[in-house]
Amino acid sequence: MTDSMLIPPKKRGFFNPVLIELTIVILFFALSASVIVRLIVAANATARASEYESRAILAMEIVAEQVKADPVGDNVCNECGARVFSVAVDPDLTVDCVVTSDESPLQGTLYDIELTVTSPLGKVYALDAERYLPDAEVAP
Amino acid sequence: MKQYPSRMGVGASSILLILVIVSLTLFASLSLIQARADAALTRKTAVSTAAYYEADASAQQMIAALDDALQQGESPETIEGVQLQADKTAAFSVTANDGHVLRVVADVSSGRSVILSYRYESAEGWAQESAGTLWQGG
């Protein structure tokens, strides 16, 4: 029997420093990742909202110019005397338009154009425009 | 069976974690800053568009009022802001709230207003800089 056989084998400790560090690292990573994911989600939401707003503004401008070019249109008005119609620009973007006419000017008609876009999240974007059309331009 | 000692010492995973976290935080912050900048630009565009259409609506109302005045045989100058020029044109401008102005010139000689000019431009005039630093050739 030698001396080495008398010495009990050295047990590896249950609290291995590397394992403890790895545990702390994983916990800290999970904590940090939750904060970072929130940042990325917030950035994504902001970018999507501003992208939709840009498209809505551009679509409303296009529709406003189209309506200003021909405010009479098909001249189909509802019982309130307003022409109400919608223009689908994209599957998720529809411009709602209300055109009302003011006959008080002596030599023409003043058209009030109200445009709205409602986002899928419920936010409403609005744009108002007006167009004065002299009677001489309406008559063929 | 012979056990080899682990090559990874204490602290290596911490350093790796710090690098990963710093990188992720940097990219997330950059994306958030970019998104906010885009949103600010979009807001400016919305304000500018609304200002233009507001000025345009005011101009259309003034043209209607101008036509009314001409129909009633009144001078275009009875409308506030309208100036009658020597060449029988009426001119007026509408100031937008984003630093622009809509200048309108209409011919009123025929008894109704005919738009000659409809310009939306910056309210501030531009100052020509000295061209002394430019290469003049030769």
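Conventions we followed
Residues numbered from 1 in each chain as written. Chains lettered and ligands numbered in written order. Predicted model: local features only at pLDDT ≥ 70, side-chain atom pairs only at ≥ 80, totals over all residues. Helix = DSSP H or I, 4+ residues; strand = E, 2+ residues; numbered from the N terminus. Buried ≥ 20, exposed ≤ 12 C-beta atoms within 10 Å, placed from the backbone. Contact = placed C-beta atoms within 7 Å. Core = buried A, V, L, I, M, F, W, Y, C linked by C-beta atoms within 7 Å. Nonpolar A, V, L, I, M, F, W, Y, C, P; charged D, E, K, R; others polar. Pairing = 2+ DSSP bridges. Axes fitted to C-alpha atoms, helices over the stretch in contact; angles between N-to-C directions. pLDDT = per-residue confidence, 0-100. Parallel < 35°, antiparallel > 145°, perpendicular 65-115°, else oblique. Left-handed = near helix turned anticlockwise from the far one by under 90°.

A few words now on the overall build of chain A. Across its full length, chain A carries three helices and four strands. What you see in chain A, going N to C, is helices and strands ordered as α-α-β-β-β-β-α. Per-residue burial for chain A yields a buried fraction of 21% across its 140 residues. In chain A, of all internal contacts separated by at least 6 residues, the share reaching a separation of at least 24 is 46%.

Ranked by size, the top nonpolar core spans 37 residues in total, and within it Met60, Val63, Ala64, Ile113 and Leu115 of chain A together with Leu66 of chain B carry the most contacts. At the level of elements, α2 (17-69), β2 (93-102), β3 (108-118) and β4 (124-134) of chain A together with α1 (12-71), β2 (89-95) and β3 (100-107) of chain B are the ones that each hand at least two residues to this core. Of all the elements, α1 of chain B adds the most residues to this core, at 10 residues. Beyond its immediate stretch of four places on either side in the chain, Met60 of chain A contacts Val95, Leu115, Val117, Tyr125 and Leu127 of chain A.

Glancing now at the interface of chain A and chain B. Listed as interface residues are 35 residues of chain A and, on the opposing side, 33 residues of chain B. Sorting the residues of the side of chain A that touches chain B by element identifies α2, β3 and β4 of chain A as the ones contributing at least two each. The greatest single-element share of the side of chain A that touches chain B, amounting to 22 residues, is contributed by α2 of chain A. Residue composition of the side of chain A that touches chain B, by class: 23 nonpolar, six polar and six charged.

In this section: the pairing of β2 of chain B. Every other side chain in a regular strand lies on the same face of the sheet, so the side chains alternate between the two faces. All names here are of chain B. With burial as the criterion, only one face of β2 is covered, namely that bearing Ala90, Phe92 and Val94; the residues Thr89, Ala91, Ser93 and Thr95 on the opposite face remain uncovered. Pairing between strand β1 (residues 83-84) and β2: two bridges, direction antiparallel. Along β2, the bridge assignment pairs Gln83 with Ala91. Taken together, β2 and the strand that follows it, β3, pair antiparallel across an intervening segment of four residues, in which Gly99 is found at a positive phi of about 85°.

A word on unusual backbone geometry. Residue and element names in this part refer to chain B. One non-glycine residue, Lys88, adopts positive backbone phi at about 60°. One can find Lys88 in the loop between β1 and β2. Given 11 C-beta atoms within 10 Å, Lys88 falls into the exposed group.

Read from one edge of the open sheet, four strands run β1-β2-β3-β4 (chain A), paired in antiparallel fashion. Bordering the open sheet on either side are β1 (82-90) and β4 of chain A, each of which pairs with just one other strand. Geometrically, the sheet is characterised by an average inter-axis angle of 20° between neighbouring strands, direction not taken into account. Inspection of the sheet shows β1 of chain A paired to β2 of chain A by eight bridges, in the antiparallel sense. Looking at the pairing, Ser86 of chain A lines up with Asp96 of chain A of β2 of chain A. Along the sheet face, α1 of chain B touches β3 and β4 of chain A and points at about 25° away from the line of β4 of chain A.

Bringing the sheet that holds strand β4 (residues 114-122) of chain B into the picture now. All names here are of chain B. Taken in spatial order, the four strands line up as β1-β2-β3-β4 in an open sheet, and their pairing is antiparallel. Since the sheet does not close on itself, it has two edges, and those belong to β1 and β4, each with one partner. Strand direction decides the pairing type here: β3 and β4, joined by eight bridges, are antiparallel. Bridge pairing in β4 places Leu102 opposite Tyr120. Sheet contacts for α1: β2, β3 and β4; angle to β3, the most-contacted strand, approximately 25°.

The share of residues in chain B with pLDDT of 70 or more is 91%, and the mean pLDDT across the chain is 88. Listed scores for the predicted complex are pTM 0.80 and ipTM 0.79.

What follows is about the packing of α2 of chain A against α1 of chain B. Packing of α2 of chain A against α1 of chain B brings their axes to within 8 Å, and their N-to-C directions diverge by 15°. Relative to α1 of chain B, the element α2 of chain A is oriented roughly parallel. Both α2 of chain A and α1 of chain B take part in a crossing whose hand is left-handed.

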